[in-house]
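Chain by chain, the residues:
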Amino acid sequence: NFDTVAAVARETSLKVEIGGGIRTEDAIARYIDAGVERVILGTAAITDWDFFCAMARKYPGRIAAGVDCRDGYIAIQGWRQTSAVTCFDFCGRLEDAGVSTVICTDISKDGAMSGTNRALYRALTDQFPRLNVIASGGVSSLEDIRALRDMGMHGAIVGKAYYIGAIDLREAIEVSK
């Protein structure tokens, strides 16, 4: 999807981020050179910590960590495997390493239209105040967005709820302010 992502970054005023399967510096540089604002590393952040830290240092503010949680543990390889690293241990490592942004997905909530895991996101924002946590997975109503805003969440990703018309994008942006 590189050409499509590059065209969106180049031809719009949107701030574009990309994640999924990015595991090399060449891929990161290619996206950043194409105008992508932020590259999300998930599996690479768990399986090659030194590489992740090197990229975060080389591209400050442009690398985010994908923190995909299944039953409290980090899922990797497109959610096909569960690591032995807990979500909270990993976020602690990220904060200690000076990473600024994490996109945290509760896999059990993703696409389920059952609401987001507010308890998880509240605990993360309380425990890791230096991390800009973006909630992902289960954001299915304006009430979810209000609750996330009120707990100090840095952002929220709305997917299925937007696609099926459960959330109006303009309203969601207003509520998030």
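This text follows the structure it describes.
Residues numbered from 1 in each chain as written. Predicted model: local features only at pLDDT ≥ 70, side-chain atom pairs only at ≥ 80, totals over all residues. Heavy atoms only, no water.

## Quick word on the pattern of salt bridges
Across all of its chains, the model carries 9 salt bridges by this definition. Of the charged contacts in the structure, one is a salt bridge between Arg10 and Glu11, with a shortest N-O distance of 3.4 Å. Note on accessibility: Arg10 and Glu11 belong to one class, exposed. Residue Lys177 pairs with Glu174 through a salt bridge whose shortest N-O separation is 2.9 Å. Look at Lys177 and you get exposed, because its relative accessible area is 65%. Through salt bridges with shared partners, one network takes in Glu95, Asp96 and Arg130. (Salt bridge = Lys/Arg side-chain N within 4 Å of Asp/Glu carboxyl O. Buried < 20%, exposed > 50% of the residue type's maximum accessible area, 1.4 Å probe, protein only.)

## Side note on the packing of helix α5 (residues 87-96) against helix α6 (residues 118-127)
Put simply, α5 and α6 touch, their axes get as near as 11 Å, and they point 35° apart. As α5 packs across α6, the resulting crossing turns out to be right-handed. Contact with α5, carried on its side by Cys87, Phe88, Cys91 and Glu95, involves Leu120, Ala123, Leu124 and Gln127 of α6 and no other residues of that element. When the residues that make up the contact of α5 with α6 are grouped by side-chain class, the tally is 6 nonpolar, 1 polar and 1 charged. (Axes fitted to C-alpha atoms, helices over the stretch in contact; angles between N-to-C directions. Helix = DSSP H or I, 4+ residues; strand = E, 2+ residues; numbered from the N terminus. Left-handed = near helix turned anticlockwise from the far one by under 90°. Contact = heavy atoms within 4.5 Å. Nonpolar A, V, L, I, M, F, W, Y, C, P; charged D, E, K, R; others polar.)

## Some thoughts on the packing of aromatic side chains
Per the stated rule, a full pass over the model turns up 5 aromatic pairs. Among the aromatic residues, those joined into a cluster by ring pairs are Trp49, Phe52 and Phe90. (Phe/Tyr/Trp six-rings, centres within 6.5 Å; stacked < 30°, edge-to-face > 60°.)

## Here's the deal with helix α7 (residues 142-150)
When we look at burial in α7, the residues that qualify are Leu142, Asp144, Ile145, Ala147 and Leu148. Contact partners of the buried residues in α7: α6, β7 (132-136), β8 (155-157) and α9 (169-176). In the stretch just after α7, Gly152 is the one whose phi turns positive, near 90°.

## A look at the pairing of β7
With 4 of its 5 residues buried, β7 lies for the most part within the structure. Bridging between strand β6 (residues 101-106) and β7 involves 5 bridges; their strand directions are parallel. Counterpart to Thr105 in the pairing with β7 is Ser136. Where β7 and β8 come together, 3 bridges link them in parallel fashion. (Pairing = 2+ DSSP bridges.)

Bear in mind that shape data such as this cannot, by itself, settle questions of function.
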